[in-house]
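# Residue-level structural notes
In case you want the letters, here they are:
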Amino acid sequence: MPGFVLLVRDRDDGDPAMRVGFTVTKKVGNAVVRNRMKRRLRALARELLPAAGIRGADHVLIGRDGGIERDHAALKVELAKALAKIARGESAPARPRGPRPSGPRKPKR
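Residues numbered from 1 in each chain as written. Predicted model: local features only at pLDDT ≥ 70, side-chain atom pairs only at ≥ 80, totals over all residues. Heavy atoms only, no water.

Moving on to the overall build of the protein chain. Across its full length, the protein chain carries 2 helices and 3 strands. Secondary structure elements of the protein chain occur, N-terminal to C-terminal, as β-β-α-β-α. By residue count, 26% of the 109 residues in the protein chain fall in the buried class. Partitioning the intrachain contacts of the protein chain with sequence separation of at least 6 by distance along the chain shows that 85% fall at a separation of at least 24. Accessible surface for the protein chain amounts to roughly 8,000 Å². Of this, 53% is attributable to carbon and sulfur atoms. (Helix = DSSP H or I, 4+ residues; strand = E, 2+ residues; numbered from the N terminus. Buried < 20%, exposed > 50% of the residue type's maximum accessible area, 1.4 Å probe, protein only. Contact = heavy atoms within 4.5 Å. Areas by Shrake-Rupley, 256 points an atom, 1.4 Å probe, with all protein chains shown as cover.)

Set out below in structure tokens:
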């Protein structure tokens, strides 16, 4: 979605509770902008996850650069669409867990 990325992963512990996490990187903006984006994502999650979320799964909303300018109603429609897509099983396949492939890494600055 243009305003965020939604990741959903089933938990293997059998707990039916839904969990949710939020993250916004420094690429989006300074601390004020990132916190504002997280508040918007929390409000969306409070509205939609109880009814449309996946039970027994972790949901992670990652804020994108364009999300801060998007209208709340547009973000709400996008999240509902993303949750419906995941419920139908139309999401990208999960990446395999395990160690990352070795190889040259970029040096940290």
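Let us now look at the sheet that holds strand β2 (residues 19-24). Across the sheet, which stays open at both edges, the 3 strands sit in the order β1-β3-β2 with mixed pairing between neighbours. Each of the sheet's edge strands pairs with one partner strand only, and the pair in question is β1 (4-10) and β2. On average, adjacent strands in this sheet sit at an angle of 15° to one another, irrespective of strand direction. Relative to strand β3 (residues 57-63), β1 runs antiparallel, the two being bridged by 7 bridges. Paired with Asp10 across the strands is Ala57, a residue of β3. Seen against the sheet, helix α1 (residues 31-52) touches β1, β2 and β3 and runs at an angle of roughly 155° to β2. Sitting on the sheet, helix α2 (residues 72-87) is in contact with β1 and β3, with an inclination near 30° to β1. (Pairing = 2+ DSSP bridges. Axes fitted to C-alpha atoms, helices over the stretch in contact; angles between N-to-C directions.)

Right, let's talk about the nonpolar core for a bit. Within soluble globular proteins, side chains that are nonpolar generally end up buried alongside one another. Counting residues in hydrophobic clusters, the biggest one holds 16 residues, and the most contacted among them are Phe4, Leu6, Leu41, Leu61, Leu79 and Leu83. Sorting the residues of this core by element identifies β1, α1 and α2 as the ones contributing at least two each. Discounting residues that sit within four places of it in the chain, Leu83 has contacts with Leu6, Leu48, Leu49, Ala52, Gly53 and His59. (Core = buried A, V, L, I, M, F, W, Y, C linked by side-chain atoms within 4.5 Å.)

Moving on: the environment of Gly67. Among the secondary structure elements, Gly67 is positioned in the loop between β3 and α2. Given a relative accessible area of 0%, Gly67 falls into the buried group. Remark: the alpha-carbon pair of Gly67 and Met1, spanning 66 residues in sequence, is separated by 9.3 Å. With sequence-adjacent residues up to four places away left out, Gly67 is seen in contact with Pro2, Gly3, Met37, Arg40 and Leu75.

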